[in-house]
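# Chains, contacts and geometry: an overview
Each chain is listed here by its residues.
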Amino acid sequence: MSEQTAAVKTGWLNRALNGIEVVGNKLPDPAVLFGILMVVVWVASWLLSGVSFNEVDPRTGEAILVNTLLQADSLATFMSKMVNTFVTFPPLGVVLVAMLGLGVAEYTGFINAGLRSILSLTPKMLLTPVLVFVGVVSHMAVDAGYVLVIPLGAVIFYAAGRHPLAGIAAAFVGVSGGFSATVLPSSLDPLLSGLTQVSARLSADPAAAEMFISPMNNYYFTTASTVLVVLIGWVLTDKFIEPRLKSTPVDGDPADMPKMDDLKPNERKGLRWASLSMLLSIVVLVLSTLPETSAWRAPAGTELAEGQSNLLVFAAPLMQSIVSIIFIFFLIPGIVYGYVSGTANNHREIIKGMSKAMSGMGYYIVMAFFCAQFIYAFGQSNLGALLAIKGANWLQEMAFPMGFTLIGIVFLSGFVNLVVGSASAKWALIGAVMVPMLMELGVSPDLTQAAYRVGDSSTNIITPLLPYFPLVVVFCQKYVKSTGIGTLIALMLPYSIAMLILWTCFLLGFWALDLPLGIGASYTFPATGQ
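Let me begin by describing the structure that accompanies this report. The numbering scheme is per chain: residues are counted from 1 as the chain's sequence reads. The predicted origin of the model limits local features to residues at a pLDDT of at least 70 and limits the giving and counting of side-chain atom pairs to 80 or more, whereas totals for whole chains, interfaces and linings rest on all residues. Based on all heavy atoms of the structure, the side-chain values leave hydrogens and waters out of the count.

Before going further, it helps to examine the overall build of the protein. Secondary structure is summarised from DSSP: a helix means a run of H or I of at least four residues, a strand means a run of E of at least two, and numbering begins at the N terminus for each. When helices and strands are tallied, the protein shows 22 helices and two strands. The classification of residues rests on relative accessible area computed with a 1.4 Å probe and restricted to protein chains. Under 20% of the type maximum is buried, over 50% is exposed, and intermediate values are partly exposed. Burial statistics for the protein: of 530 residues in total, 53% are counted as buried. We call two residues in contact whenever any of their non-hydrogen atoms come within 4.5 Å of each other. Taking as baseline every contact in the protein between residues at least 6 positions apart, the subset at least 24 positions apart corresponds to 80%. For the protein, the exposed surface amounts to about 23,200 Å²; the carbon and sulfur share of it is 68%. Residue exposure ignores everything except the shown protein chains as possible cover, and the areas themselves are Shrake-Rupley values with a 1.4 Å probe.

We now examine the packing of aromatic side chains. Stacked, tilted and edge-to-face are the three classes assigned to paired rings of Phe, Tyr and Trp, where Trp is represented by its six-membered ring and a pair needs centres within 6.5 Å; plane angles under 30 degrees give stacked, over 60 edge-to-face, the rest tilted. Following the criterion strictly, the structure yields 13 aromatic pairs and no others. Their ring planes at 90 degrees and their centres at 5.4 Å tell us that Trp42 and Phe78 sit as a pair that is edge-to-face. In this pair, Trp42 sits in helix α3 (residues 30-48) while Phe78 sits in helix α4 (residues 72-87), placing the two residues 36 residues apart along the sequence. Residues Tyr158 and Tyr479 carry aromatic rings whose centres are separated by 6.1 Å and whose planes lie at 45 degrees to one another, so their mutual orientation is tilted. Highlighted residues: Tyr158 in helix α8 (residues 144-159) and Tyr479 in the loop between α21 (469-477) and α22 (485-513), separated in sequence by 321 residues. For Tyr479, a relative accessible area of 2% gives the class buried. By the ring-pair criterion, three or more aromatic residues cluster together here, those being Trp42, Phe78 and Tyr376.

With that settled, consider the nonpolar core. Take the buried residues of types Ala, Val, Leu, Ile, Met, Phe, Trp, Tyr and Cys, join any two whose side-chain atoms come within 4.5 Å, and each joined set is a nonpolar core. Of all hydrophobic cores here, the largest spans 130 residues; its most connected members are Ile150, Phe172, Leu488 and Met492. The leading source of residues in this core is α22, at 13 residues. When sequence neighbours within four positions are dropped, the list of residues in contact with Met492 reads Ala169, Phe172, Val173, Ile461 and Ile462. One finds Val104, Leu331, Ala344 and Met354 within the second-largest nonpolar core, a separate group that totals six residues.

In this section: the side chain of Asn382. Its location among the elements puts Asn382 in the loop between α16 (362-381) and α17 (383-398). Whenever two N or O atoms come within 3.5 Å, that pair is a polar contact, provided that in protein one can donate a hydrogen and the other can accept it, and provided that, for residues adjacent in sequence, both atoms are side-chain atoms. Here Leu65 takes part through its backbone oxygen, which lies 2.9 Å from a polar atom of the side chain of Asn382.

A positive phi is found at Asn382, a non-glycine position, where the angle reads about 75 degrees. Residue Asn382 is classed as buried on the basis of its relative accessible area, which comes to 12%. In the Ramachandran plot, Asp514 falls in the positive-phi region, its phi being about 60 degrees despite a non-glycine side chain. Examined against the element boundaries, Asp514 turns out to sit in the segment after α22. Residue Asp514 is classed as exposed on the basis of its relative accessible area, which comes to 56%.

The next thing to look at is the packing of α16 against α21. In this analysis an axis means a line fitted to C-alpha atoms, helices contributing only their contacting stretch, and an angle means the value between N-to-C directions, from 0 to 180 degrees. Where α16 meets α21, the closest approach of the two axes is 9 Å, and the angle between their N-to-C directions is 155 degrees. Considering their axes alone, α16 and α21 lie roughly antiparallel with respect to each other. Of the two possible hands of crossing, α16 and α21 adopt the one that is right-handed. Of α21, the residues touching α16 (which contributes Tyr363, Tyr364 and Met367) are Pro470, Leu471, Val474 and Gln477. Partitioning the contact of α16 with α21 into residue classes produces six nonpolar, one polar and no charged. Should an angle fall under 35 degrees it is called roughly parallel, over 145 degrees roughly antiparallel, and 65 to 115 degrees roughly perpendicular, with every other angle called oblique. Here a crossing is taken to be left-handed if its near helix is turned anticlockwise relative to the far helix by less than a right angle, and right-handed if that turn runs clockwise. All amino acids are sorted into three groups, where Ala, Val, Leu, Ile, Met, Phe, Trp, Tyr, Cys and Pro are nonpolar, Asp, Glu, Lys and Arg are charged, and the leftover types, Gly among them, are polar.

Here is the structure:
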């Protein structure tokens, strides 16, 4: 064992993470844990339902109330919506549809052959930063990175002779930890800016009544943040996370593990034709988006920011079809590869590939059911909203200097992220209090939103309330069967801490140097020149 590895294994931080992993894994199975938490929410909602709170719910303008879930009509509603809550759970359909196409591509060997070809050309030392960067870029495809990039991270690392959980960690930090880093605009930008605009207009200042918040108001900051996220992911994965994983044996089914053998002639031929079919599919898609009357574009009358394409707004069918496009783009080359290379000679083999992919998702489906019910109950109780508003009000009462206030917003957002999973739901609650409050202190909504995005992204990777968190656990279990929630939290906690500290400093540096946050953005309110 090297001295570096020995130091990592015996250091206080590693002992602390091992303790977190042990405690976390002593918790019940994730599905059962979500069920227990749901019961806790029911009881807490009943206990607090008669308490009067002074906090005002920005959604109603009235004092916030905790809704009891332990009464006849609430329980009847819960039971009547149970099936719909499950089948409309956002990650469920996204994961299953994408996995149908990916399952065929994996079963026929297309993904394995493609990765082996790429790895033969990519320097080993650059695998980590490239993987983290791809995770960040995947935000353009909404949530597709969770079902595409993260499992491929494990495959890439394992095929390169590295620990697959390190690959999952690197991909996860790019996809989820770097959720607010971006190279190209994503659907999150107009979503958050729209909520910021609504919150800004709650201000009593007359200048706020017609205020417009650009969807690109944080673009320069989030683009620069990509470099920071990649560096954090690269250094921690290679210097700390992977050495720590050396003592964790890979005990998954050897038959399911990717191999790094040289490509055989039939595999090379299959890969050429499959890649050509994928390229042709992309060309057809691009050509179909070019006409101004393309059905892929947002409907006429959709509100667009200056210079924004009606292809890249959430209302555009193209943006709403990302998962379907992934399904097609992997199904077609998967089929072509199978027929050309001889790994799948008839349609029954293709269906077998889809079935195998679905059979591997059984555990995730069970967890998704209980996770969906818990999140529904937590949202209906108003407990998450109460915690968010109390935190925002406390920050207001402290009246910290501006730099400390920005730090407070970051850490408040990070904490609320542990109890409220949806990025838009959190910002709707926190923003309605923080944005107008800080406007009274001369702080622009653009800067407040940027601080929120840092905190929200940094703790995405350690909150079990993230809808895709159970899925990442399942991906890990393919390689290390004993993986539990504690394993994943301990694995990702160093990234989360580093991102909270360094990304906050990065934002403060932008603010101190007066670097532009984005298009049409300012640091002060009213903006300089108004």
